[in-house]
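Descriptive analysis of the structure
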Amino acid sequence: MGHAIDTGVPVPVVCKHRNERMPAIGDAVAKSDLDVAVFQEIWHKGDFDILKQRISKTLPYSHYFYSGSIGSGLCVFSKWPIGQTLYHRFDPNGYAHKVQHGDWFGGKGVGLAVITVGGVTLNVYITHIHAEYNRENDEYLAHRIAQAFSLSQFVKLTSLGADLSLVCGDLNLEPVDLGYRLILTNAGLGDCWLDKMTSDTSDKAGLTCDCPGNSYCPSKSAGKRIDYILYKAGNGVEATVSKCDVTMGRVPGKAFRPTPDPKTEVTPLLEESLGILDEGLTVTRSGTRFFTIFAVLCLLLAYIITVVHIPYPLDFFVGVFRVALILATGYGVVQTLVMIRSEVHGLEAAREDVKNLLQHLKS
């Protein structure tokens, strides 16, 4: 019925063969028997237009979720009319000064498309959680736990009137991770890959990222499962997963590819999440102190070179340096008062929400 697809960043060095892969993905979806297809990492609106042009004959209804400065990268295509849409942006959302990571600029969150088919209400959720850049030293662990909890709450509270809910996307979480277990348990979701009756996929682990056969990954990569289709039946509705596959092999005639336990009690997961959020708050607040000291030092140095007489011709270079110091001071102030504070508030909000749910469950 549904399909979740990751694509790539619109930068040639980062995403190779993008111009060839995007039409190939669209053609593959157009030739399939899918009813719904959801995409992540469609950062460039032009890529969405390419997909729309290729897919519209078989899946004529679509929606792109705008967010952040470069877009959420999320979109959905449907065989049936999309009645209502909503986007919930995660907060916290990463660090703006970590330009090399870029998650903050995407304004990551979860999109909801409500589709009604023959009196049956289908909620299709599409999401992309903050990336894990270093599994051994995950500086974004608290962010990702906060986003996982926010996703689970959003799905739980907005799916009450739906007959069937599908949560699709790149969670950047492996099945053993706390965030994955928190999403399934708190939102009451099942995992299509685990609950499937049959599958044509030869890889029984259902790997979706860094797979050994992926031409864009290191040859020694073991692979991992971080992309999911989760599901939840409404009251009085029974849902089964007849089949689930990991698709999208190599493009025909090309040497590259288009793309690459829920029964646990929720209380201990929430308590563990609370500890991670507290630790994350401590680390994030240290960033506020760093940029405060940085701004003060830059301002002090700018003042010193202003009052000290600098002979010609060095005065020109000193003037340029002074301007750079003033700009650096402004950068430190913005990071301290706006960017880092926003992340702190996001983590604090997540912590309070977890506390409220814990108190509710214990009472």
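Just so you know, these numbers come straight off a predicted model, no measurement behind them. (Residues numbered from 1 in each chain as written. Predicted model: local features only at pLDDT ≥ 70, side-chain atom pairs only at ≥ 80, totals over all residues. Heavy atoms only, no water.)

1. Examining the overall build of the protein chain
Our working rule: For helices the rule is a DSSP run of H or I covering at least 4 residues; for strands it is a run of E covering at least 2, with both sets numbered from the N terminus onward. Per-residue accessibility, obtained with a 1.4 Å probe over protein chains only, is compared with the maximum for each type, and a residue is labelled buried under 20%, exposed over 50%, and partly exposed between these values. Computed with the Shrake-Rupley method and a 1.4 Å probe, the accessible areas treat only the protein chains shown as cover for residues.
Secondary structure assignment for the protein chain yields eight helices and ten strands. In the protein chain, buried positions account for 48% of the 363 residues. With the model as given, the accessible surface of the protein chain reaches about 17,900 Å², and the carbon-plus-sulfur share is 59%.

2. Notes on the pairing of strand S4 (residues 74-78)
Every other side chain in a regular strand lies on the same face of the sheet, so the side chains alternate between the two faces. Test applied: Pairing between strands is defined by DSSP: at least two bridges between the two strands are required.
Among the five residues in S4, five count as buried, and that is most of the element. Across the two faces of S4 the burial is the same, with Leu74, Val76 and Ser78 and Cys75 and Phe77 all buried. By the bridge criterion, four bridges tie strand S2 (residues 36-42) to S4 in an arrangement that is antiparallel. For Val36, the partnering residue across the bridge sits in S4 and is Ser78. Alignment of strand S3 (residues 61-65) against S4, held across five bridges, turns out to be antiparallel.

3. What to know about a nonpolar patch on the surface
Under the convention used in this document: Patches in this entry comprise residues that are over 30% relatively accessible and not in a salt bridge; like charges within 9 Å are linked, as are nonpolar side chains (Val, Leu, Ile, Met, Phe, Trp, Tyr) within 5 Å. The term salt bridge refers to a side-chain nitrogen of Lys or Arg lying within 4 Å of a carboxyl oxygen of Asp or Glu.
Together, Leu300, Leu301, Tyr303, Ile304, Val307, Val308 and Phe321 make up an exposed nonpolar region whose accessible area comes to about 650 Å². Here the nonpolar patch gets five residues from one element, more than from any other, and that element is helix H7 (residues 266-307). Looking at Leu300, the relative accessible area reads 47%, which means it is partly exposed.

4. Structural notes on the confidence of the model for the protein chain
Put simply, the rule is: For every residue, the predictor states its confidence as a pLDDT score lying anywhere from 0 to 100. It only takes one pair of heavy atoms within 4.5 Å for two residues to be counted as in contact.
On average, residues of the protein chain carry a pLDDT of 87, and 88% of them reach 70 or more. Throughout residues 255-263 the model reports pLDDT below 50, and contacts reaching past four residues in sequence, or to other chains, amount to 40 contacts.

5. Comments concerning the packing of aromatic side chains
Under the convention used in this document: Any pair of Phe, Tyr and Trp rings, taking the six-membered ring for Trp, is counted once the centres come within 6.5 Å. Such a pair is stacked with planes under 30 degrees apart, edge-to-face with planes over 60 apart, and tilted for the rest. The criterion for a charge sitting over a ring is simple: Lys NZ or Arg CZ within 6 Å of the ring centre, and within 35 degrees of the ring normal.
For the coordinates displayed, the defined rule picks out 13 aromatic pairs. Considering the side-chain rings of Phe48 and Tyr64, the 5.4 Å spacing of their centres and the 55° angle between planes classify their relative orientation as tilted. In this pair, Phe48 sits in helix H2 (residues 45-55) while Tyr64 sits in strand S3, placing the two residues 16 residues apart along the sequence. Assigned by exposure class, Phe48 and Tyr64 land together as buried. Pairwise contacts between aromatic rings join Phe39, Phe48, Tyr64, Tyr66 and Phe77 into one cluster. The ring of Trp193 has Lys196 lying over it, and the distance from NZ or CZ to the ring centre is 3.7 Å.

6. Quick word on the nonpolar core
Using the following cut-off: For our purposes a nonpolar core is just a set of buried Ala, Val, Leu, Ile, Met, Phe, Trp, Tyr and Cys residues, chained together by side-chain atoms within 4.5 Å.
The biggest cluster of nonpolar side chains holds 23 residues, and the ones touching the most others in it are Phe149, Leu182, Leu270, Leu277, Leu347 and Val354. Residue assignment for this core shows that the elements contributing at least two residues are helix H4 (141-158), helix H5 (178-187), H7 and helix H8 (314-362). No other element matches the eight residues that H7 contributes to this core. Excluding residues within four positions of it along the chain, Leu270 makes contact with Phe149, Leu182, Val354, Leu357, Leu358 and Leu361. Listed in part, the 20 residues of the second largest apolar core include Phe90, Tyr125, Leu173 and Ile183.

7. A few points about the sheet that holds strand S6 (residues 109-117)
Rule in force here: For helices, the axis comes from a line fit to the C-alpha atoms of the stretch in contact; other axes are also lines fit to C-alpha atoms, and the angle between any two N-to-C directions lies between 0 and 180 degrees.
Spatial strand order, S5-S6-S7-S8-S10-S9: six strands in an open sheet with mixed pairing. Strands with a single pairing partner mark the edges of an open sheet, and in this sheet they are strand S5 (82-89) and strand S9 (190-191). Of the strand pairs in this sheet, S9 and strand S10 (residues 227-233) are connected by two bridges, and their pairing is antiparallel. Opposite Gly190, over in S10, you have Tyr231 as the bridge partner. The sheet contacts of H4 involve S5, S6, strand S7 (120-128), strand S8 (164-170) and S10, and relative to S7 the element is tilted by about 170°. Along the sheet, H5 contacts S9 and S10; its crossing angle with S10, the most-contacted strand, is approximately 15°.

8. Structural notes on the packing of helix H1 (residues 18-30) against H2
Applicable threshold: For any pair of crossing helices, the crossing counts as left-handed if the nearer helix is rotated counterclockwise from the farther one by less than a right angle, and right-handed if it is rotated clockwise. Amino acid classes used here: Ala, Val, Leu, Ile, Met, Phe, Trp, Tyr, Cys and Pro are nonpolar; Asp, Glu, Lys and Arg are charged; the rest, including Gly, are polar.
For the pair H1 and H2, the least separation of the axes is 8 Å and the interaxial angle reads 35°. By crossing handedness, the relation of H1 to H2 is classed as right-handed. Where H1 abuts H2, its residues Arg18, Met22, Pro23, Ile25, Gly26, Asp27, Val29 and Ala30 lie against Asp47, Ile50, Leu51, Arg54 and Ile55. Broken down by class, the residue content of the contact of H1 with H2 amounts to eight nonpolar, one polar and four charged.

9. Quick word on the UniProt feature "transmembrane region" (unreviewed entry) in the protein chain
Which entries qualify depends on this criterion: UniProt positions are given in the numbering used here, feature names are shortened, and annotations may be inferred rather than shown by experiment.
Per the UniProt record, the feature "transmembrane region" (unreviewed entry) sits at residues 290-310 and 316-334. For the annotated span residues 290-310, helix accounts for 86% and strand for 0% of the residues, and the straight-line distance between the end C-alpha atoms is 30 Å.

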